[in-house]
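Structural description and commentary
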Amino acid sequence: MTTAKRKSAARKRQTQPRAWQRMLSGRRLDLLDPSPLDVEIDDIAHGLARVARWNGQTHGDHAFTVAEHCVLVDDICARFRPGWPVKWRLAALLHDAPEYVIGDMISPFKAALGINYKAFEHRLEVAIHRRFGLPDELPQTVEALIKRADHASAFFEATQIAGFSDEEAAEFFGRPRGLTPIMIEPLPTTKAQARFLARFRELSDGLDADK
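Residues numbered from 1 in each chain as written. Predicted model: local features only at pLDDT ≥ 70, side-chain atom pairs only at ≥ 80, totals over all residues. Heavy atoms only, no water.

Focus on the overall build of the chain
Along the backbone of the chain there are 10 helices and 2 strands. Helices (α) and strands (β) of the chain occur, in sequence order from the N terminus, as α-β-β-α-α-α-α-α-α-α-α-α. Residues counted as buried form 45% of the 211 residues belonging to the chain. For the chain, the computed accessible surface area is about 11900 Å², with 52% contributed by carbon and sulfur atoms. (Helix = DSSP H or I, 4+ residues; strand = E, 2+ residues; numbered from the N terminus. Buried < 20%, exposed > 50% of the residue type's maximum accessible area, 1.4 Å probe, protein only. Areas by Shrake-Rupley, 256 points an atom, 1.4 Å probe, with all protein chains shown as cover.)

In structure tokens form, the structure reads like this:
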């Protein structure tokens, strides 16, 4: 390559927008083509514990974080299906894991962004699944139960800390059936992070024991 061509290639690289993010683990995660090798659970826990649900519009001294929400969804799945396989509970815990990179966008904004956003989110989800031994695509029955638990969690969050009336929350998320109310307790960031990591390790140990 001539000197002129090298300079031209360097200028091109400099003008292209950076499409990777450096993580605290030292990994560089390519957002457009994420590799499972660049996914670390400590980065996920750190990020999710600093992302607020409901855009932070909640009561209390602390935000209710995505890390806490993920643990709650796993709890609810376990209540709906006692003895559910550990790998599906791990999938429930990680159902919002891409948000450690992209944040928690409220559903109306996701709908406004359209399919390109969903495809972007899905690529991150696949990389995360591959990193932790989950299938790229979950069985429909598993997806359905996680979605049911996600809606139940949203109902409890909405009515207890996000200012929704019972009727309004039921209209948007459905009223949880076959589930006793669960109290929402927003935690400080470090405790939310530790709780998420502890649950991940518990489920990972269980996954290893099943092999």
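Let us keep going from here.
So, the environment of Ala149
Here Ala149 shows up in helix H8 (residues 140-160). When its relative accessible area of 0% is taken as the criterion, Ala149 is described as buried. In this structure, the C-alpha to C-alpha distance between Ala149 and Phe80, residues 69 residues apart in sequence, is 8.1 Å. Filtering out sequence-adjacent residues up to four positions away, Ala149 remains in contact with Val73, Ile76, Cys77 and Phe80. (Contact = heavy atoms within 4.5 Å.)

Here's the deal with the nonpolar core
Within the largest apolar cluster, 63 residues are counted, with the highest numbers of intra-cluster contacts made by Ile44, Leu90, Leu94, Tyr100, Phe132, Ile146 and Phe196. Those residues in contact with Phe132 that sit more than four places away from it in its chain are Val39, Ile41, Ile44, Leu90, Leu94, Phe200 and Leu207. (Core = buried A, V, L, I, M, F, W, Y, C linked by side-chain atoms within 4.5 Å.)

Focus: the packing of helix H3 (residues 66-80) against helix H4 (residues 86-93)
Between two packed helices, both the angle of their axes relative to each other and the distance between the axes serve to describe the pair. In contact at an axis separation of 8 Å, H3 and H4 are set at 145° when each is read in the N-to-C sense. In the packing of H3 onto H4, the handedness of the crossing is right-handed. For the pair H3 and H4, contact is made by Cys70, Val71, Val73, Asp74, Cys77 and Ala78 and by Arg89, Ala92 and Leu93, respectively. Residue composition of the contact of H3 with H4, by class: 7 nonpolar, no polar and 2 charged. (Axes fitted to C-alpha atoms, helices over the stretch in contact; angles between N-to-C directions. Left-handed = near helix turned anticlockwise from the far one by under 90°. Nonpolar A, V, L, I, M, F, W, Y, C, P; charged D, E, K, R; others polar.)

Remarks on the packing of aromatic side chains
Each aromatic ring pair is characterised by the separation of its centres together with the angle its planes make. If you walk through the whole model with that rule in mind, you get 7 aromatic pairs. Their ring planes at 55° and their centres at 6.4 Å tell us that Phe172 and Phe173 sit as a pair that is tilted. Through successive ring pairs, a cluster of aromatic residues spans Trp54, Phe164, Phe172 and Phe173. We note Arg28 situated over the ring of Trp20; from NZ or CZ to the ring centre the distance is 4.0 Å. A cation over an aromatic ring shows up here: Arg148 above the ring of Phe80, its NZ or CZ 3.7 Å from the ring centre. (Phe/Tyr/Trp six-rings, centres within 6.5 Å; stacked < 30°, edge-to-face > 60°. Lys NZ or Arg CZ within 6 Å of the ring centre and 35° of its normal.)

Remarks on the side chain of Thr58
Note on placement: Thr58 falls in the loop between helix H2 (41-48) and H3. What Thr58 contacts, discounting residues up to four positions off in sequence, is Arg53, Ala63, Phe64, Ile161 and Ala162.

Some remarks on the confidence of the model for the chain
Looking at the chain as a whole, its pLDDT mean stands at 88, while 84% of the residues score no less than 70. The lowest-confidence element of the chain is helix H1 (residues 3-15), averaging 53 in pLDDT; the highest-confidence one is H3, averaging 98. (pLDDT = per-residue confidence, 0-100.)

Some remarks on the packing of H3 against H8
The N-to-C vectors of H3 and H8 enclose an angle of 120°; their axes lie 8 Å apart at closest approach. Relative to H8, H3 is oriented oblique. H8 is crossed by H3, and the crossing has right-handed handedness. On H8, the residues that touch His69, Leu72, Val73, Ile76, Cys77 and Phe80 of H3 are Leu145, Ile146, Arg148, Ala149, Asp150, Ala152, Ser153 and Glu157. In terms of residue class, the contact of H3 with H8 is built from 9 nonpolar, 2 polar and 3 charged. (Parallel < 35°, antiparallel > 145°, perpendicular 65-115°, else oblique.)

Let's talk about H3
Between the first and last C-alpha of H3 there are 21 Å, a value that for 15 residues agrees with the 21 Å anticipated at 1.5 Å per step. With 12 of its 15 residues buried, H3 lies for the most part within the structure. What H3 keeps buried is the set Val66, Ala67, Glu68, His69, Cys70, Val71, Leu72, Val73, Asp74, Ile76, Cys77 and Phe80. (Expected span 1.5 Å × (residues − 1).)

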